[in-house]
Amino acid sequence: MSDLDQSQSDSSEVLDLPAPNDGEEGTLETPTIRTGVARWYAVQVASSCEKKVKATLEQRAVTLGVSNRILEIEIPETPAVKIKKDGSRQSTEEKVFPGYVLVRMVLDEDTMMAVRSTPNVINFVGAEDRRATGKARGHIKPRTLSRQEVDRIFKRAAEKKTVVKVDLIEGDQILVTAGPFKDFQGEVIEVSGERSKLKALLSIFGRETPVELEFSQVSKQN
């Protein structure tokens, strides 16, 4: 995820800072108490556990008495339409960054522990603080997201551009259900989710011919 792995120099600007940066621009946050400074952090979580982590962390923040410092927990999403095997469409949500949750929080020992000890949380996105000996792995220092990073992420989610997803991959057998090639069968050779189209080899006049089709024009064959 390239947007979340930018260099430390990008971390000098943050979103919604209620207090100055204390003269530490461009540095990685360390687990020390920083009263009143709320910043955005990216947290890596187990696959498909984003919503579970969000709900659990919201509850834990209240239980552990840090809800006044863990202020927002977001999973940026865009609308999506999934085309099933039978050709039917299902409205769903597509995560902008699968496997990550964004948290706006005041970083201190208590809030950092609350996040890290939440089930299905892997760790903050940051840089490894290696031990002096170099023989043992160190701790991850959470890195603040820059204003540009956060704005870009939420702008992408706010665009509400519908993404079309289809349960098809290269090599799948399909039946054309609409258009000039209706009732032809073929094999998928390319899938373009951004364009909501695919290419398939259809047998036309006894020859294998590549044809571009809309997702809505085909159904997957078992």
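Before any of the text, the structure's been laid out above.
Computed from a prediction, not measured in an experiment: that's the story for all the values here. (Residues numbered from 1 in each chain as written. Predicted model: local features only at pLDDT ≥ 70, side-chain atom pairs only at ≥ 80, totals over all residues. Heavy atoms only, no water.)

Caption draft 1: Here's a closer look at helix H1 (residues 50-63). In a regular helix each residue adds 1.5 Å, so 14 residues correspond to 20 Å; H1 covers 20 Å between its end C-alpha atoms and thus fits that length. For H1, every residue scored as buried is listed here: Glu50, Val53, Leu57 and Ala61. Relative to the axis of H1, the buried residues are bounded by an arc of 65 degrees and lie together on one face. Exposed side chains of H1 directed beyond 90 degrees from the buried face belong to Lys51, Lys52, Gln59, Val62 and Thr63. Trailing H1 by a residue or two, Gly65 shows a phi angle of about 75 degrees, which is positive. (Helix = DSSP H or I, 4+ residues; strand = E, 2+ residues; numbered from the N terminus. Expected span 1.5 Å × (residues − 1). Buried < 20%, exposed > 50% of the residue type's maximum accessible area, 1.4 Å probe, protein only. Arc of directions from axis to C-beta.)

Caption draft 2: View of the environment of Gln173. Within the secondary structure layout, Gln173 lies in strand S10 (residues 173-176). By relative accessible area, which is 40% here, Gln173 ends up partly exposed. Sequence-wise, Gln173 and Val218 are 45 residues apart; in three dimensions their C-alpha atoms are separated by 10.0 Å. Not counting chain neighbours up to four residues away, the residues in contact with Gln173 comprise Gly186, Glu187, Ser219, Lys220 and Gln221. (Contact = heavy atoms within 4.5 Å.)

Caption draft 3: Quick look at the environment of Ser146. Turning to its location among the elements, Ser146 is positioned in the loop between strand S8 (139-142) and helix H3 (147-158). Residue classification places Ser146 among the buried positions, given a relative accessible area of 1%. Sequence spacing of Ser146 and Trp40 is 106 residues, and the spatial spacing of their C-alpha atoms is 8.0 Å.

Caption draft 4: Fine view of unusual backbone geometry. In this model, Asn120 sits at a positive phi of 75 degrees, which is unusual for a non-glycine residue. The exposure class of Asn120 is partly exposed, given its relative accessible area of 31%. Positive phi, normally seen in glycine, also occurs at Asp183, with a value near 80 degrees. Take Asp183: it is sitting in the loop between S10 and strand S11 (185-192).

Caption draft 5: Structural view of the nonpolar core. The biggest cluster of nonpolar side chains holds 20 residues, and the ones touching the most others in it are Val43, Ile70, Val101, Val103, Met105, Val115 and Phe124. Ignoring any residue separated from it by four or fewer positions in sequence, one finds Ile70 in contact with Leu57, Ala61, Val103, Arg104, Met105, Thr111, Ala114 and Val115. (Core = buried A, V, L, I, M, F, W, Y, C linked by side-chain atoms within 4.5 Å.)

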